[in-house]
Amino acid sequence: MNLKAQPRINAPLFTLLASAFLVLAYNVNFWRAFVQATGGIKLSNLPVYAGSFLVLVCVFNAFLTIVSFRPLIKPVLIFLFLATSALSYFMSQYGIGIDASMVQNVVETDVREAGELFSWKMLLTISLLGILPSLLVWRTDLRFASIGKGLLIKCGIFCLSLLAAGALLLLLFKTLAPAVREHRELRFLLTPTNMFQATHGYLKRKLAAPTVVAPLGRDAKKGTLWSAAGVNARRTVTVIVMGETARAMNFSLNGYARETNPQLARQTGLVNFQDVSSCGTATAISVPCVFSAFGREDYSADKARNQEGLLDVLKHAGFDVLWRDNNSGCKGVCDRVRYEDLSQPVAGDPFCNDEECYDERLLQNLPQIIRDAKKDLVIVLHQKGSHGPAYWKRYPKEFAQFTPICQTNELEQCSRESIMAAYDNTILYTDHVLNKAIEVLKAASAVDTSLLYFSDHGESLGEKNMYLHGAPYIISPIEQRHVPMMLWLSDSFRSRFHIDGACLAARGRQEFSHDNVFHSTLGMLNVSTAVYNPKLDLFHACSSGT
């Protein structure tokens, strides 16, 4: 017996088997969702499941047949097996779908964040579903017909596969049409087609012909309340804290059972908005969206990239604008203002370790920056916040108050209780950072100060077997969309801009979204510009200024 003998098989049969393997081995999440979408497991649905499986096999086989040539078929299959094994791991592990936004999020994630997703289970999955099938493909001796005969066979298989798929779809149309129409999330779950669709969508946006950034709010100027204060008016400092992965339901200010906001709860004059929705479910979408003039319904990455945003308008109005970052960048939002990257560890820094820096580093030298400013100042602090899955790394050890704590990025090894505890500790630390920022602003007695906080998106912590964030918005759970938002104004700021604190507090339970941030910031700072929409300004009803 020759142990080194290569298995031999006809190429058409090989592509058919490979198609069936792709449909079965890498699509556990798809089949689970499909079964639910068609009414659940029952005997009467077995023909639907069998027919749907054959449809997908036929479609996959048709397209694999196109590349079924000796120099191509093996590299293509090896790529598919390796890529889809990684995709299936992340989809199964975290309950995610794959769309263009997810590809963008992956591409723009820094190396440290990406490293946190690595695990031995991931390596095992890729080895079993990616490397081993690839080795089998590489060793298999494929038999091909002559060029002329082979082309005829390929054309026949391609046409027959699509005809068979079409015929089956007609037979199953009555059942499949409502399921597919009402459960659009299925297209984000079917691999490898979701990978190609998502990559195509991302590259189409990324490689689009560059255009000149369109001006926005060049007419912006400080309103009448500024001139009323006179030439000797005190300077203003507004701090906008852009949170990361904080979900509103884990803030005790919003009724959460654990006391995750002990310090902010004692801040007098703090206004908490309890019902706020994010623009996206990932940083790469939410950050440019919230600082743009487009609401969520009108937003696209192309539009935001090709038009100035909130920070530009503030700069046009005469403010000095500074972005301080402890995350993976500003996603183009701060391209035309001052930028400081504080995310890189520095030896000896009390707020850094060997891997990353804690969010308190964003407050370093802040009193000095406020004192040295010559103009009215807007500072954006972009947090690392509660970014997972390594929640336990996001806070110093003295904030490990809630236990037991999950201390691995392999969340399946942890109980829901320990995952939640680690996450809640990140919120406890954010509470500390925000409170400390407010105290810095209080101490700046020579200026009128304000602070606005909101998170970019939320997080799934095991609800509906979903983890992390980045789900396509259309199918995203409320945990990834419901975000915290709060406001603090110094007495002098509130008086200067005629803002009724009691009126604002009464609005705390009303429904708002990231759409309100652009216009509310302009309204709060009494900036006059044609792009300002008072209907989206949450201060408008509570201010007597113009």
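Just above, that's the structure.
Let us look at the structure shown here.

Rules behind the numbers
Residues numbered from 1 in each chain as written. Predicted model: local features only at pLDDT ≥ 70, side-chain atom pairs only at ≥ 80, totals over all residues. Heavy atoms only, no water. Disulfide = S-S within 2.5 Å. Buried < 20%, exposed > 50% of the residue type's maximum accessible area, 1.4 Å probe, protein only. Core = buried A, V, L, I, M, F, W, Y, C linked by side-chain atoms within 4.5 Å. Helix = DSSP H or I, 4+ residues; strand = E, 2+ residues; numbered from the N terminus. Contact = heavy atoms within 4.5 Å. Expected span 1.5 Å × (residues − 1). Phe/Tyr/Trp six-rings, centres within 6.5 Å; stacked < 30°, edge-to-face > 60°. Pairing = 2+ DSSP bridges.

**Description of the state of the cysteines**
Here comes step 1: As enumerated under the stated definition, the model contains 5 disulfides in all.
Here comes step 2: Between the sulfur atoms of Cys-406 and its disulfide mate Cys-414 the distance is 2.1 Å. Taking the sign of the S-S torsion, about 70 degrees here, the bridge from Cys-406 to Cys-414 comes out right-handed. No difference in accessibility class separates Cys-406 from Cys-414, as the two residues are buried.
Here comes step 3: For the protein, the bonded cysteines pair up as 1-2, 3-4, 5-6, 7-8, 9-10 when numbered in the order they occur along the sequence.
Here comes step 4: Cysteine Cys-58 shares no disulfide, and the gap to the nearest cysteine sulfur, in Cys-159, comes to 13 Å.

**As for the nonpolar core**
Here comes step 1: Leu-77 and Ile-379 are the most contacted members of the largest nonpolar core, which totals 96 residues.
Here comes step 2: If one sorts the elements of this core by residue count, helix 15 (residues 416-443) sits on top with 14 residues.
Here comes step 3: Beyond its immediate chain neighbours, meaning those up to four positions away, Leu-77 contacts Phe-14, Ala-18, Leu-64 and Val-137.
Here comes step 4: Counting 46 residues, the second-largest nonpolar core is a separate cluster that includes Trp-323, Met-485, Leu-487 and Phe-518.

**Observations concerning helix 15**
Here comes step 1: Its 28 residues give helix 15 an end-to-end C-alpha distance of 41 Å, which sits within 8% of 40 Å, the value for a rise of 1.5 Å per residue.
Here comes step 2: The buried fraction of helix 15 amounts to 22 of the 28 residues, a majority that puts the element mostly inside the structure.

**A closer look at the packing of aromatic side chains**
Pairs of aromatic rings are described using the distance from one ring centre to the other and the angle between the two planes.
Here comes step 1: Following the criterion strictly, the structure yields 19 aromatic pairs and no others.
Here comes step 2: Aromatic side chains Phe-63 and Phe-158 sit 6.3 Å apart centroid to centroid with 85 degrees between the ring planes, which places their arrangement in the edge-to-face category. Here Phe-63, found in helix 3 (residues 46-66), pairs with Phe-158, found in helix 8 (residues 147-182); they are 95 residues apart in sequence, far enough to count as distant.
Here comes step 3: The exposure class of Phe-158 is partly exposed, given its relative accessible area of 26%.

**Some points on the pairing of strand 8 (residues 377-382)**
Here comes step 1: With respect to burial, strand 8 is a largely interior element, 6 of its 6 residues being buried.
Here comes step 2: What you see with strand 8 is no split at all: Leu-377, Ile-379 and Leu-381 on one side and Val-378, Val-380 and His-382 on the other are buried throughout.
Here comes step 3: One ladder, built from 6 bridges, connects strand 4 (residues 236-243) with strand 8; its direction is parallel. Residue Val-241 lies in a different strand from strand 8, and its bridge partner there is Leu-381.
Here comes step 4: For strand 6 (residues 320-325) and strand 8, the ladder comprises 6 bridges, and the chain directions are parallel. Paired with Leu-322 across the strands is Ile-379, a residue of strand 8.

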